Amino acid sequence: MGVMILLVVLILVLIVGIVVVVQRTKPKSAPRRVDPLADYPEVYDPHKIGVGDIITYAGIDHVVRGTIVLDEEGYQWREHLLDGSTGRRWLTVEDDEGELEMTLWMRREGTGLEPGGDVILDDRVYRKIESGSARFTAEGTTGTAPTGSMDYADYETADKTGLLAFERWARTSSWEVSTGRAVTRSELTVIHAGPAQ
């Protein structure tokens, strides 16, 4: 009887040994590939756009190179520097009286313009709608100091289709001039650089 038990135990040990050897010599399958965008929401949050995000506008991809957060007495808005194959532009994102407003801006060099009364550019008359000063913080590539204060003046045409902005990032610097157009949320596709927070 004891020999029989010993023989059964030896056979079980032999079977377990064979199973272990077979499992170890079995070729390992390659790790499964994972969709890198699976954790990203399909509907982007305009207020969470930031450095490293990809924004597609008019079929052209742009990388968000830098972000400036502006604060004027508690009212905040953001400006993002977009870099794409057609050049650089800025995207402003703000809530104005509860309504989301997004504007794409192109810098205009050599205009010689300064804010004051009505301004004429490209045979269009622009009237001032608001102006002021704001504190700012910047991250990434923006061309500004990391923190500071700036002055701005916003203009529009009588039919509200043309937008013009003046910005000055230091009291001793000259005014930067940009023309803009309002964009809707659906005109942009955004892939956030990290999961939305």
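Up top is the structure.
Residues numbered from 1 in each chain as written. Predicted model: local features only at pLDDT ≥ 70, side-chain atom pairs only at ≥ 80, totals over all residues. Heavy atoms only, no water.

Trainee: Which residues make up unusual backbone geometry, and what are the values?
Mentor: In this structure, Glu73 takes a positive phi of about 55 degrees despite not being glycine. Topologically, Glu73 is positioned in the loop between strand S2 (60-72) and strand S3 (75-84). On the accessibility criterion, Glu73 (85% relative accessible area) is exposed. In the Ramachandran plot, Asp122 falls in the positive-phi region, its phi being about 55 degrees despite a non-glycine side chain. As for its position among the elements, Asp122 is in the loop between strand S6 (119-121) and strand S7 (124-140). (Helix = DSSP H or I, 4+ residues; strand = E, 2+ residues; numbered from the N terminus. Buried < 20%, exposed > 50% of the residue type's maximum accessible area, 1.4 Å probe, protein only.)

Trainee: Please provide a residue-by-residue account of the pattern of salt bridges, values included.
Mentor: Following the criterion strictly, the structure yields 10 salt bridges and no others. Across the salt bridge formed by Lys160 and Glu156, the nearest N and O atoms sit 3.1 Å from each other. For Glu187, the salt bridge goes to Arg181, with nearest N and O atoms at 3.2 Å. Overall, the relative accessible area of 30% leaves Glu187 in the partly exposed class. Residue classification places Arg181 among the partly exposed residues on the basis of a relative accessible area of 37%. Ionic contacts of the salt-bridge type, sharing partners, join the residues Arg65, Asp83 and Arg88 into one network. (Salt bridge = Lys/Arg side-chain N within 4 Å of Asp/Glu carboxyl O.)

Trainee: Just give me the short version of the pairing of strand S8 (residues 147-156), but keep the residues and values in it.
Mentor: The element S8 is extensively covered by neighbouring structure, given that 8 of its 10 residues are classed as buried. Strand direction decides the pairing type here: S7 and S8, joined by 10 bridges, are antiparallel. From the neighbouring strand, Lys128 faces S8, where its bridge partner is Tyr155. As consecutive antiparallel partners, S7 and S8 are separated by 6 residues, and within that stretch Gly143 has a phi angle of approximately 80 degrees, a positive value. (Pairing = 2+ DSSP bridges.)

Trainee: Could you give an account of the side chain of Arg89, with specific residues and numbers?
Mentor: Among the secondary structure elements, Arg89 is positioned in strand S4 (residues 87-96). Discounting chain neighbours no more than four positions away, the residues touching Arg89 are Tyr57, His62, His80, Leu81, Leu82, Leu104, Trp105 and Met106. (Contact = heavy atoms within 4.5 Å.)

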